[in-house]
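Structural features, examined
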Amino acid sequence: MAKTHNLGFPRIGAKRELKFGQEAYWKGQSSRDALKALGASLRLRHWQDQAALDLTPVGDFSFYDQVLDMSFTLGNLPARVKDFHGDVLDNYFRVARGRSAAHADTHAECCGGVAAGEMTKWFDTNYHYIVPEFVADTTFALDASRLVEQLAEARAARVRAKPVIVGPLTYLWLGKTKDDSDRLALLSRLLPVYVELLTTLAAQGVEWVQIDEPILVTELDAGWREAFETAYAALAAAPVKCLLATYFGELQDNLPLACRLPVDGLHIDAINARNEVAAVIAALPADKVVSLGVVDGRNIWKSDLNAVLDWLTPVAGQLGERLWIAPSCSLLHVPVDLESESKLDAEIRSWLAFARQKLAEVDVLARAINDGRDAVAAELAANAAAIASRRASPRVHNPAVKAAVENLDAALGRRQHPYAQRAPKQAAKLKLPRYPTTTIGSFPQTAEIRNARSQFKSGELDHAGYVAAMQREIERSVREQEALGLDVLVHGEAERNDMVEYFGEQLEGYAFSQFGWVQSYGSRCVKPPIMFGDIRRPKAMTVAWILYAQSLTSKPMKGMLTGPVTILNWSFVRDDQPRAVSCLQLALAMREEVLDLERAGVRVIQIDEAALREGLPLRRAQWQHYLDWAVQAFRITANGVQDDTQIHTHMCYSEFNDILGAIADMDADVITIETSRSDMELLDAFDSFQYPNDIGPGVYDIHSPNIPTQEHMVKLMRLAAERIPAQRLWVNPDCGLKTRQWAEVIPALQNMVAAAKTLRAQ
Ligand code: GLN
Ligand code: ZN
C-alpha cells in the first residue's frame, strides 16, 4: 500500500485570517492570547483539511516564517535581542520586523525596537525568509517548546503527525555570517542540538520527521557535500525515522550523495525532477522509502491524473510499500481553497486546483494505486474532462499569437542605432540638465485613491467619476513635481492597484481570483494573476492616462509600463508551454503599448523589470539560458522605438554583479536601480564591468520613513561619479513612492533636487 503525505500547508488561512490577526495584534487591537488562539484554530482547521492523508505535517505553521521558527528552535537569536524580558512571541516579532506590538512591550525602556532581521527570497519562489545570523562564536541551545506544544495539539486532534524541520545544512546555507567567518564551521556545534531535537520529537511518540534540505538541488562544493555526510551520520543516532526532503529541482550531481545518506526515506520533486526518479530508485538501498512529489506544489493547475497514473503505476509496482505520494513541495506557494472562488469563470475554474484540491488529487492517485483505477473511476473521468477542455479550449489558443512568436524576427529586438548615436539625439530633444532628476513611477497611494477605487468596485462611483478622481490625483502629482523642479515627470500610477495585475486585467489570456492569496512575507500576501491562454492586447492600456498627465506640463512625461519578464515572474503561468514562450507573447503585447505611446508623442518610456533577477534558475548552469530569453523579451518590448525616444528600465536591487552583462544587453538608454542602502555594492559591480549607458543609482531609500539629507545624497552621487562618467548619471529614488506619505516624499525630493543642483554647480 502506497502512503500519502504532505510537506506543508499554507498557513495564512483561506480568508487571510492570519494576516488580519497579526496586524490586529501589532496595532494593539487584540491580545497575544487571541493571536495564539487564532494560530491554534488555523492549525486545527488545516489538519482537518488534510485528514485523508496518512501523515500530516506539523510545525509547518508559523506566526511569521519557518526559517525564523528554526532559529528560535535552535536558540540562534541575534545578540541584539538576547536579553529580551517579555514573551518569546514578542521577541520573535522583533527579530522578524524590528518591533512587536507596542502595547505588549512592558519593558519599553530596555527592550524597545531593534533592527529587523534581513529578509531574502526562499530559493526561486516569491516567499521571503528571515536570514539566520551567525558569528564565529555562535552557539546553539535547543528550545523545542513550539514543536512539542503543536505535537500535543495534534495528538489531541488525533492527527498522524510528521514534524517538519529545516535541515542543518540548508539552515546554515540560508544564513549569513556577520563577521566573515565560515558558517560551515558551526556545524559541529549545531549537530548535537539537532540530535537532541530529534530525540525530543521521538519522545513525543513521533515515528517520522521530515527534514527539508532543498539545497541538494543547487550546486554544492566539496565542503558542503562532505558536511552532508558528517551531519547525517550524526543524526542517524537519533531514535526516529528521517525523511530527507528535496524539492524545486533536480539533484543532478548530488543524486548519489542524497541516495547514500543514512536516512530512512527520500522525497523527490517528481514534477521538476521526474527524469531522475528511476536513477534514485536504482541508487537507494532497498529498505528505504521513496516519496514522490507528483502534484505540482508551485502552480495552480489541475494535474493530469490519468497521465500521472500511466507513469506512476509501474513505479508503484516496483516500490510496493516503499512508495509515498505527495505534492512536489510545501503547498505554501499556492492559495488555500478554490471553493471560495465563486466569481471565477466556470470553465477556467474547472482547470484549477489550490492547496485543498491538490491534496484531493494526492488522495485519488493513492486510491488508484492501492485499490485500482476503477475505485476512483468517477474522479478520473471528471479530471480527464477538465484536462481535455483546457487543452482544446479556443480561449487558450490563439493561432495568430503563436505564429507571431514562432516567426519572431531578430530585428524586432534591435534599436536603429547604438546608444552612442541615440544619446545625442535624445539630448537634443529632451534638453535635460546634467544630473537630471526623476522618480521611479508611483506617488503615494492616498486615502482618496483607495476610496475611489473601492467605491468604483462597489458601484457607488461610475466610470466617469472614477476617471475624474484618478485625474485629480494625477494632476496633484504633476503639480507637486513641477513645484519640486524635477526634470522628467511621471503621472504617479494612481490608477494602478498593482504593477502586474493592472496589465493582466487588460490583456487577453489572464484570469483573476478573488482569494488566491499566497504569503510573500510575514503578513504580506500577493494574489498573482493567472495566465491561462495566449496573450493579446485588445487595445491601448496606458496611453490616455499618460497623455492626460502630459497635457498638464511642458516637462517630459515618462510613460510607465511593466516589462514582460516581471509580469511573467509575478503571475501563475501556463504549464503547457515553456516560460520563454509565455514571456515572448507578453513581450509582443507590451511592445504594441510602447509603440502606441511613442506614436502619441511620449518621448520617454520606462519599462520596469523589478523581478528579472529573481527569475534566475537555482543552478548557475541554467542562468545563461534564462537570461537569453529574458533579455530578448525585454528587447522586443522596448527596442522598436526611434533613436530619439528614450527607454528607461528600473530594477529593485543592487546585487547584480553577476548579471550586469545581461542587463547591459537589454540596451535601455537609462537604468535606475536600488543602491542607497548599499553604496559599496554598486561600486563593486562597476569595478569589473563598465555599464555602457545612462544609470540612476537610487539615492533615497524609499523603504524607510527617514528623510535623506541633501549632503547624504550628494555624497552617494559623488561615490557613483568616481566609477561612472557624470554625463551618464541620473538622480532618483531607489524605487516607487506608493507606500510613502506625501509629507515624507516632498521634503525628501526637495533635498534630492537640491543635491542635483549642488552637483551641477561643481
Ligand atoms: N514603477 C513602479 C513604481 O514606481 C516600480 C515598482 C517596483 O519596481 N517594484 O511603483
Ligand atoms: Zn523598484
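A brief look at the structure comes next. (Residues numbered from 1 in each chain as written. Chains lettered and ligands numbered in written order. Predicted model: local features only at pLDDT ≥ 70, side-chain atom pairs only at ≥ 80, totals over all residues. Heavy atoms only, no water.)

1. Considering the overall build of the chain
The helix and strand tally for the chain stands at 27 helices and 21 strands. Relative to the compact-globule value of 27 Å for 762 residues, the chain shows a C-alpha radius of gyration of 27 Å, a close match. C-alpha atoms of the chain, sized along the principal axes, occupy 75 × 65 × 55 Å. For the chain, buried positions account for 59% of its 762 residues. Pairs at least 24 residues apart make up 78% of the contacts formed inside the chain by residues separated by at least 6 positions. Looking at the chain as shown, the accessible area adds up to about 28,800 Å², and 52% of this sits on carbon and sulfur atoms. On the chain, the mean spot of the 82 positive side-chain charges and the mean spot of the 96 negative ones are 3 Å from each other. (Helix = DSSP H or I, 4+ residues; strand = E, 2+ residues; numbered from the N terminus. Rg over C-alpha atoms; globule rule 2.2 N^0.38 Å. Buried < 20%, exposed > 50% of the residue type's maximum accessible area, 1.4 Å probe, protein only. Contact = heavy atoms within 4.5 Å. Areas by Shrake-Rupley, 256 points an atom, 1.4 Å probe, with all protein chains shown as cover. Lys, Arg positive; Asp, Glu negative; His and termini not counted. Charge placed at Lys NZ, Arg CZ, Asp CG, Glu CD.)

2. Section: the coordination of the zinc ion (ligand 2)
Surrounding the zinc ion (ligand 2) are the protein donor atoms His650 (NE2), Cys652 (SG) and Cys735 (SG), which sit 2.0 to 2.2 Å from the metal. Taken in sequence order, the residues that donate to the zinc ion (ligand 2) follow the motif H-x1-C-x82-C. (Donors = N, O, S within 2.8 Å, 3.2 Å for Na, K, Ca; no water.)

3. Description of the nonpolar core
Core analysis: the biggest nonpolar cluster contains 117 residues, and Leu169, Tyr171, Tyr232 and Leu292 have the highest contact counts within it. Ranked by the residues each element gives to this core, the list is headed by helix α7 (residues 187-203), at 9 residues. Among all residues touching Leu169, those that are not within four sequence positions of it are Leu184, Leu187, Glu213, Ile215, Trp224, Ala227, Phe228, Ala231 and Tyr232. Listed in part, the 105 residues of the second largest apolar core include Met531, Ile567, Met651 and Ala720. (Core = buried A, V, L, I, M, F, W, Y, C linked by side-chain atoms within 4.5 Å.)

4. Topic: the site of ligand 1
Around ligand 1, the surrounding shell consists of Ile440, Gly441, Ser442, Glu493, Met499, Met560, Asp608, Ala610, His650, Cys652, Cys735 and Gly736. Taking Ile440, its main chain carries an N or O atom lying 3.1 Å from a nitrogen atom of ligand 1. Burial of ligand 1 by the protein chains amounts to 91% of its free accessible area of 300 Å². Partitioning the shell around ligand 1 into residue classes produces 6 nonpolar, 4 polar and 2 charged. (Near = heavy atom within 4 Å. Polar contact = N/O pair within 3.5 Å; in protein donor to acceptor, adjacent residues only side chain to side chain. Nonpolar A, V, L, I, M, F, W, Y, C, P; charged D, E, K, R; others polar.)

5. Here we look at the pairing of strand β20 (residues 670-673)
Burial along β20 is two-sided: the face carrying Val670 and Thr672 and the face carrying Ile671 and Ile673 are both buried. Across 4 bridges, strand β19 (residues 646-651) lies against β20 in parallel orientation. In the strand pairing of β20, Thr649 is matched with Ile671. (Pairing = 2+ DSSP bridges.)

6. Things to note about the pattern of salt bridges
Oppositely charged side chains may form a pair once their charged atoms are brought near each other. Throughout the structure, instances matching the rule amount to 44 salt bridges. Taking the shortest distance from any N to any O, the salt bridge between Arg536 and Glu508 comes out at 2.7 Å. Taken together, the residues Arg536 in strand β16 (residues 530-536) and Glu508 in strand β13 (residues 508-511) connect sequence positions 28 residues apart. Residue Arg536 is classed as partly exposed on the basis of its relative accessible area, which comes to 36%. Among the residues examined, Glu508 registers a relative accessible area of 35% and is labelled partly exposed. Salt bridges here are not isolated pairs; linked through shared partners, they connect Arg390, Lys402, Asp534, Arg574, Asp575 and Asp576. (Salt bridge = Lys/Arg side-chain N within 4 Å of Asp/Glu carboxyl O.)

7. So, the packing of helix α11 (residues 305-319) against helix α14 (residues 377-392)
Close contact between α11 and α14 brings their axes to 8 Å; oriented N to C, the two are set at 115°. Of α14, the residues touching α11 (which contributes Leu305, Asn306 and Leu309) are Leu380, Asn383 and Ala384. (Axes fitted to C-alpha atoms, helices over the stretch in contact; angles between N-to-C directions.)

8. A closer look at helix α17 (residues 447-458)
Helix length check: α17 (12 residues) gives 16 Å between terminal C-alpha atoms against 16 Å at 1.5 Å per residue, within 8%. Every buried residue of α17 is accounted for by Ile449, Ala452 and Arg453. Considered in projection along α17, the buried side chains sweep an arc of 100° and stay on one side of the axis. Directly after α17, the chain includes Gly459, whose backbone phi takes a positive value near 95°. (Expected span 1.5 Å × (residues − 1). Arc of directions from axis to C-beta.)

9. Some thoughts on the sheet that holds strand β21 (residues 694-697)
What the 5 strands build is an open sheet, ordered β17-β18-β19-β20-β21; its pairing is parallel. Two strands in the sheet have a free side with no partner beyond their single neighbour: β17 (558-562) and β21. Strand-to-strand twist across the sheet, computed as the mean angle between neighbouring axes with direction ignored, equals 20°. Alignment of β17 against strand β18 (residues 604-608), held across 5 bridges, turns out to be parallel. When the sheet's bridge partners are listed, Leu561 is paired in β18 with Ile607. Strands β17 and β18 of the sheet are contacted by helix α22 (residues 579-599), whose axis makes an angle of about 175° with β17.

10. As for unusual backbone geometry
Of note in the backbone geometry, Gln252 takes a positive phi value of approximately 50° without being a glycine. You can see Gln252 is positioned in the loop between β9 (241-245) and α9 (255-260). When its relative accessible area of 32% is taken as the criterion, Gln252 is described as partly exposed. A positive phi angle, close to 65°, is found at Asp667, a residue other than glycine. Take Asp667: it is sitting in the loop between α24 (660-665) and β20.

11. Brief notes about the environment of Gln690
One can find Gln690 in the loop between α25 (679-688) and β21. Classification of Gln690 by relative accessible area gives partly exposed; the value is 45%. Residues Gln690 and Gly661, 29 residues apart in the sequence, show an inter-C-alpha distance of 9.0 Å. Those residues in contact with Gln690 that lie beyond four places of it in its chain are Arg723 and Arg728. A distance of 3.2 Å separates a polar atom in the side chain of Gln690 from the backbone oxygen of Arg723.

12. With respect to the packing of helix α18 (residues 463-484) against helix α27 (residues 742-761)
Interhelical geometry of α18 versus α27 gives an angle of 35° and a closest axis separation of 10 Å. With respect to the hand of their crossing, α18 and α27 are arranged in right-handed fashion. Here α18 contributes Arg476, Ser477, Glu480 and Leu484 to the contact with α27, which in turn contributes Trp742, Ile746, Leu749, Gln750 and Val753. Of the residues contributing to the contact of α18 with α27, the split by class is 5 nonpolar, 2 polar and 2 charged. (Left-handed = near helix turned anticlockwise from the far one by under 90°.)

13. A look at the pairing of β17
In terms of burial, β17 is a largely internal element, 5 of the 5 residues being buried. Side-chain alternation along β17 places Lys558, Met560 and Thr562 on one buried face and Gly559 and Leu561 on a second face that is also buried.

14. Side note on the sheet that holds strand β12 (residues 323-327)
Spatial ordering of the open sheet is given by β1-β12-β11-β10-β9-β8-β6-β2, a layout of 8 strands whose pairing is parallel. The open sheet has two edge strands with one neighbour each: β1 (3-4) and β2 (56-58). Note: β2 against strand β6 (residues 161-166), 3 bridges, orientation parallel. Pairing of Pro57 across the sheet is with Lys162, part of β6. Here helix α13 (residues 355-371) sits on the sheet in contact with β1, β11 (289-295) and β12, set at roughly 155° to β12.

15. Side note on helix α4 (residues 88-97)
Each α-helix turn comprises 3.6 residues. Residues three or four places apart therefore point the same way. For α4, the buried fraction is high: 8 of the 10 residues fall into the buried class. What α4 keeps buried is the set Leu89, Asp90, Asn91, Tyr92, Phe93, Arg94, Val95 and Ala96. Each element contacted by the buried residues of α4 is listed here: α1 (17-26), α2 (32-49), α3 (66-73) and β4 (128-130). Structurally, the start of α4 carries an N-cap: the backbone nitrogen of Leu89 is 2.8 Å from a side-chain oxygen of Asp87. After α4 finishes, the residue Gly98 shows a positive phi value of roughly 90°.

16. Observations concerning the side chain of Thr542
If you trace the backbone, Thr542 turns up in the loop between β16 and α20 (543-550). For Thr542, a relative accessible area of 0% gives the class buried. A distance of 2.6 Å separates the side chain of Thr542 from the side chain of Glu593, its partner in a polar contact. In contact with Thr542, not counting residues within four places along its chain, are Arg496, Tyr502, Phe503, Met560, Leu561, Glu593 and Leu597.

Everything listed here is a matter of coordinates, which is why it stays silent on function.
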